[in-house]
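# Structural overview for review
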Amino acid sequence: MLRNKIKLLQCVSSFILAVVSVNSSTTPLVGVHPLDEKYFESDIIRCKDGSKSFPRDRLNDNFCDCLDGTDEPGTSACPNGKFYCRNTGSSPKFVYSSRVNDRICDCCDGSDEYESSITCPNTCIMGGNVNYIYKPRPERKSIDRSVTTDPDSSITIANLQDMVKNLQGMKLVFALQFVLIGFLVILWMLRRRVRSAKRRRYLLKSVNPNRSAN
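Thresholds applied
Residues numbered from 1 in each chain as written. Predicted model: local features only at pLDDT ≥ 70, side-chain atom pairs only at ≥ 80, totals over all residues. Heavy atoms only, no water. Helix = DSSP H or I, 4+ residues; strand = E, 2+ residues; numbered from the N terminus. Contact = heavy atoms within 4.5 Å. Areas by Shrake-Rupley, 256 points an atom, 1.4 Å probe, with all protein chains shown as cover. UniProt positions renumbered as here; feature names shortened; annotations may be inferred. Patch = residues over 30% accessible without salt bridge, like charges linked within 9 Å, V, L, I, M, F, W, Y side chains within 5 Å. Salt bridge = Lys/Arg side-chain N within 4 Å of Asp/Glu carboxyl O. Lys, Arg positive; Asp, Glu negative; His and termini not counted. Charge placed at Lys NZ, Arg CZ, Asp CG, Glu CD. Buried < 20%, exposed > 50% of the residue type's maximum accessible area, 1.4 Å probe, protein only. Core = buried A, V, L, I, M, F, W, Y, C linked by side-chain atoms within 4.5 Å. Phe/Tyr/Trp six-rings, centres within 6.5 Å; stacked < 30°, edge-to-face > 60°. Lys NZ or Arg CZ within 6 Å of the ring centre and 35° of its normal. Polar contact = N/O pair within 3.5 Å; in protein donor to acceptor, adjacent residues only side chain to side chain. Disulfide = S-S within 2.5 Å.

### Side note on the overall build of the protein chain
Helix and strand counts for the protein chain stand at three helices and six strands. Ordering the α and β elements of the protein chain from the N terminus gives α-β-β-β-β-β-β-α-α. When contacts within the protein chain are restricted to residue pairs at least 6 apart in sequence, long-range pairs at least 24 apart make up 26% of them. Total accessible area on the protein chain is roughly 16600 Å²; 60% of this is exposed by carbon and sulfur atoms.

Structure representation (structure tokens):
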């Protein structure tokens with residue numbers, strides 16, 4: 001029984017070592033264009049600018065070996081590197097490697113935030129034109145509370161409401177004043193006509209006796 005257990009432990013340990021060695025030899029090609037996958041298959045990879053070469057285990061190790069960023073397509077280590085977004089269902093594109101794992105979803109499939117603490121929604125089906133910026137929920141709550149409990153904002157809102165009410169009241173007052181002015185103008189015109197009619201009658205009366213006397 002003891003020998004069988006020892007043999008089982010040896011088999012398990014050898015299997016684990018094999019898995020680890022396979023994983024270490026096959027570095028995931030994160031941020032690599034499909035046409036460039038064969039370029040990274042060899043054990044020794046040359047920088048695309050021809051400056052030097054690097055072993056395959058340094059691919060995406062978060063340390064910049066090539067000035068053009070050939071060895072770091074999937075990390076933000078090289079400032080000149082570019083990350084390839086596959087964006088299945090939308091248009092693929094390249095983004096700067098400095099945007100990888102920066103808590104901002106630049107790829108519509110969210111592949112640029114594969115080691116970030118956020119989960120990017122896949123917006124490729126919607127056309128991929130949605131830029132999602134992660135905002136933690138506590139910050140949102142604090143922002144909402146600060147907005148709702150801010151006395152200055154409540155005062156400004158109250159002032160705006162008062163201004164609207166005052167404008168509505170001023171419109172009503174102007175309308176009433178306009179009606180009143182029109183009514184006074186009509187009364188003045190009527191009174192003037194009455195006076196002019198009285199003057200005509202008086203003049204006619206004063207002229208008629210003179211004619212009768214002649």
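### A few points about the UniProt feature "transmembrane region" (unreviewed entry) in the protein chain
On the UniProt side, "transmembrane region" (unreviewed entry) is annotated at positions that read residues 172-190 here. Here residues 172-190 is 100% helix and 0% strand, with 27 Å between the C-alpha atoms at its ends.

### A word on a positive patch on the surface
Among the surface-exposed residues, Arg191, Arg195, Lys198, Arg199, Arg201 and Lys205 lie close enough to one another that they form a single positively charged patch. Tracing the backbone through its elements, the reader meets arginine 201 in helix H3 (residues 151-213).

### Structural notes on unusual backbone geometry
Notably, asparagine 60 is not glycine yet its phi reads approximately 55°, a positive angle. On the secondary structure map, asparagine 60 appears in the loop between strand S2 (53-55) and strand S3 (82-85). Here asparagine 60 falls in the buried class, since its relative accessible area comes to 17%. Phi is positive for arginine 103, close to 70°, though the residue is something other than glycine.

### Here's the deal with the nonpolar core
Core analysis: the biggest nonpolar cluster contains seven residues, these being Val32, Phe40, Ile45, Cys47, Phe54, Leu59 and Cys66. Within the second largest apolar cluster, six residues are counted, among which are Val30, Phe83, Val95 and Cys107.

### Overview of the pattern of salt bridges
Per the counting criterion, the structure on display carries three salt bridges. Note that lysine 48 is salt-bridged to aspartate 36, the shortest N-O span being 3.0 Å. With lysine 48 in the loop between strand S1 (44-46) and S2 and aspartate 36 in the loop between helix H1 (2-25) and S1, this residue pair connects regions lying 12 residues apart in the sequence. Among the residues examined, aspartate 36 registers a relative accessible area of 24% and is labelled partly exposed. Of the charged contacts, one joins arginine 86 and glutamate 37 as a salt bridge, the two residues approaching to 2.8 Å between their closest N and O atoms. With arginine 86 in the loop between S3 and strand S4 (93-96) and glutamate 37 in the loop between H1 and S1, this residue pair connects regions lying 49 residues apart in the sequence.

### Regarding the packing of aromatic side chains
Per the stated rule, a full pass over the model turns up two aromatic pairs. Here tyrosine 39 and phenylalanine 40 contribute two aromatic rings whose centre-to-centre distance is 5.5 Å and whose plane-to-plane angle is 80°, an arrangement assigned as edge-to-face. Judged by relative accessible area, tyrosine 39 falls into the partly exposed class, the value being 32%. Over the ring of tyrosine 39 we find lysine 48, and its NZ or CZ is 5.6 Å from the ring centre.

### Quick notes on the environment of aspartate 49
Counting through the fold element by element, aspartate 49 comes out in the loop between S1 and S2. Judged by its relative accessible area of 41%, aspartate 49 falls in the partly exposed class. Along the backbone, aspartate 49 and cysteine 66 are 17 residues apart, and their C-alpha atoms lie at a distance of 8.1 Å. Here serine 51 takes part through its side chain, which lies 2.9 Å from a polar atom of the side chain of aspartate 49.

### Quick look at the state of the cysteines
Evaluation of the coordinates by the stated rule reveals five disulfides. Shown here is the disulfide that connects cysteine 47 with cysteine 66, its sulfur atoms set 1.9 Å apart. Every disulfide takes its handedness from the sign of the S-S torsion; for cysteine 47 and cysteine 66 that torsion is -70°, giving left-handed. With cysteine 47 in the loop between S1 and S2 and cysteine 66 in the loop between S2 and S3, the pair connects residues that are 19 residues apart, well separated along the chain. For cysteine 47, a relative accessible area of 2% gives the class buried.

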